[in-house]
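Structure assessment
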Amino acid sequence: MQRFNRRSTLTLLAALTLLPACKIVRNKDKKQNGAGKDGFDADAYVNAIWDEKVMPLVRDHATEITAVLDALAKDADAAGKRYGNRAEAEGAAWNFIVQGKGKVTKADTASRRGILVVALDGDPAGRSVSLQVGPVVFGSAFRDALPFVSFNDFVNQIDFAQVSRKLNDRATETARKGFDPAQAEGKTIAFRGAMANPAGGEIQVTAVTLEAP
């Protein structure tokens, strides 16, 4: 019996030496080492969620921007929990899907970062918002306002950033469909889009829909 056990042990050890070396890769390391090499298609990702998730949220669940701004002025965290969404990162800003209506007092479309300044209708505070209408859009407010888009679902930061860029591109394309920002000055328009907490600064909205009633 001892001879059988010794022979079995030697056979097992010999077999193990033939196995290729293996390395355990932590998920954190995979995120760092896989940047740009995972074949991720941001266009396909955005296309897959646009009609099914993104636009229903924008159309049916946008909050009046004046209500959000008033709530933020009182308690930013309470406003965020009630109306907004934010990334998992510690200290991340609240972002909101908002809607509003007002008169375009300025249309700056000379640069690629097109901006429409809109004086909000019926706002006792007399506030105006800057609508980003592209084609170049700054920031990630749109992506970060979507509760179904999480960094934890992506392999690395590059893929996550690509999704933000593609969402912004799609927002601009949708907002400009049938609407010419260059001809908007002086008109009353309705808008829906995404806004980060302005924290006392410029109220900036990434436009997703624009309409001239």
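**A short note on the packing of helix H4 (residues 65–74) against helix H5 (residues 76–83)**
- The interhelical angle for the contact between H4 and H5, taken along N-to-C directions, is 145°, at an axis separation of 6 Å. Residue-level contacts link Ala 67, Val 68, Ala 71, Leu 72 and Lys 74 of H4 to Ala 76, Ala 79 and Tyr 83 of H5.
- Across the contact of H4 with H5, the residue classes tally to seven nonpolar, no polar and one charged.

**Regarding the pairing of strand E6 (residues 188–196)**
- As paired strands, strand E3 (residues 95–108) and E6 are joined by nine bridges and run antiparallel to one another. Considered in E6, the bridge of Gly 102 is made with Ile 189.
- Alignment of E6 against strand E7 (residues 204–211), held across six bridges, turns out to be antiparallel. Along E7, the bridge assignment pairs Phe 191 with Leu 210.

**Brief notes about the confidence of the model for the protein**
- Summary statistics for the protein give a mean pLDDT of 86 and a share of 81% for residues scoring 70 or more.
- In the predicted structure, residues 6–36 sits below a pLDDT of 50 and forms 12 contacts with residues beyond four places in sequence or in another chain.

**Here we look at unusual backbone geometry**
- With an omega of 15°, the peptide bond between Gly 134 and Pro 135 qualifies as cis.
- Position of Pro 135 relative to the elements: it lies in strand E5 (residues 128–135).
- A positive phi angle, near 50°, is found at Ala 199, a position not held by glycine.
- Residue Ala 199 is classed as exposed on the basis of its relative accessible area of 68%.

**Looking at helix H7 (residues 157–176)**
- Look at H7: 29 Å from first C-alpha to last across 20 residues, which is about the 28 Å you get at 1.5 Å a residue.
- Among all positions in H7, only Asp 159, Phe 160, Val 163, Ser 164, Leu 167, Asn 168, Arg 170, Ala 171, Thr 172 and Ala 175 are buried.
- Looking at the buried residues of H7, the elements they touch are helix H3 (42–61), E5, helix H6 (141–144) and E7.
- Once H7 ends, the next one or two residues include Gly 178, with phi positive near 75°.

**Considering H4**
- Along H4, the residues that are buried comprise Ile 65, Val 68, Leu 69, Ala 71 and Leu 72. All buried residues of H4 lie within an arc of 165° about the axis, which places them on one face of the element. Opposite its buried face, H4 presents the exposed residues Ala 73 and Lys 74, each directed more than 90 degrees away.

**Let's talk about the pattern of salt bridges**
- With the rule as written, the count across this model stands at five salt bridges.
- Residue Arg 86 is joined to Asp 77 by a salt bridge in which the shortest nitrogen-to-oxygen separation is 3.9 Å.
- Residue classification places Arg 86 among the partly exposed positions, given a relative accessible area of 35%.
- Residue Asp 77 is classed as partly exposed on the basis of its relative accessible area, which comes to 40%.
- In this structure, Arg 143 and Asp 144 form a salt bridge, with 2.8 Å as the shortest nitrogen-oxygen distance. Comparing Arg 143 with Asp 144, the two get one shared label, buried.
- If you follow the salt bridges from partner to partner, you end up with Asp 70, Asp 123 and Arg 127 in one network.

**Some words on the side chain of Ser 164**
- Within the secondary structure, Ser 164 is located in helix H7.
- Overall, Ser 164 belongs to the buried group, its relative accessible area being 6%.

Procedures and definitions
Residues numbered from 1 in each chain as written. Predicted model: local features only at pLDDT ≥ 70, side-chain atom pairs only at ≥ 80, totals over all residues. Heavy atoms only, no water. Axes fitted to C-alpha atoms, helices over the stretch in contact; angles between N-to-C directions. Helix = DSSP H or I, 4+ residues; strand = E, 2+ residues; numbered from the N terminus. Contact = heavy atoms within 4.5 Å. Nonpolar A, V, L, I, M, F, W, Y, C, P; charged D, E, K, R; others polar. Pairing = 2+ DSSP bridges. pLDDT = per-residue confidence, 0-100. Buried < 20%, exposed > 50% of the residue type's maximum accessible area, 1.4 Å probe, protein only. Expected span 1.5 Å × (residues − 1). Arc of directions from axis to C-beta. Salt bridge = Lys/Arg side-chain N within 4 Å of Asp/Glu carboxyl O.

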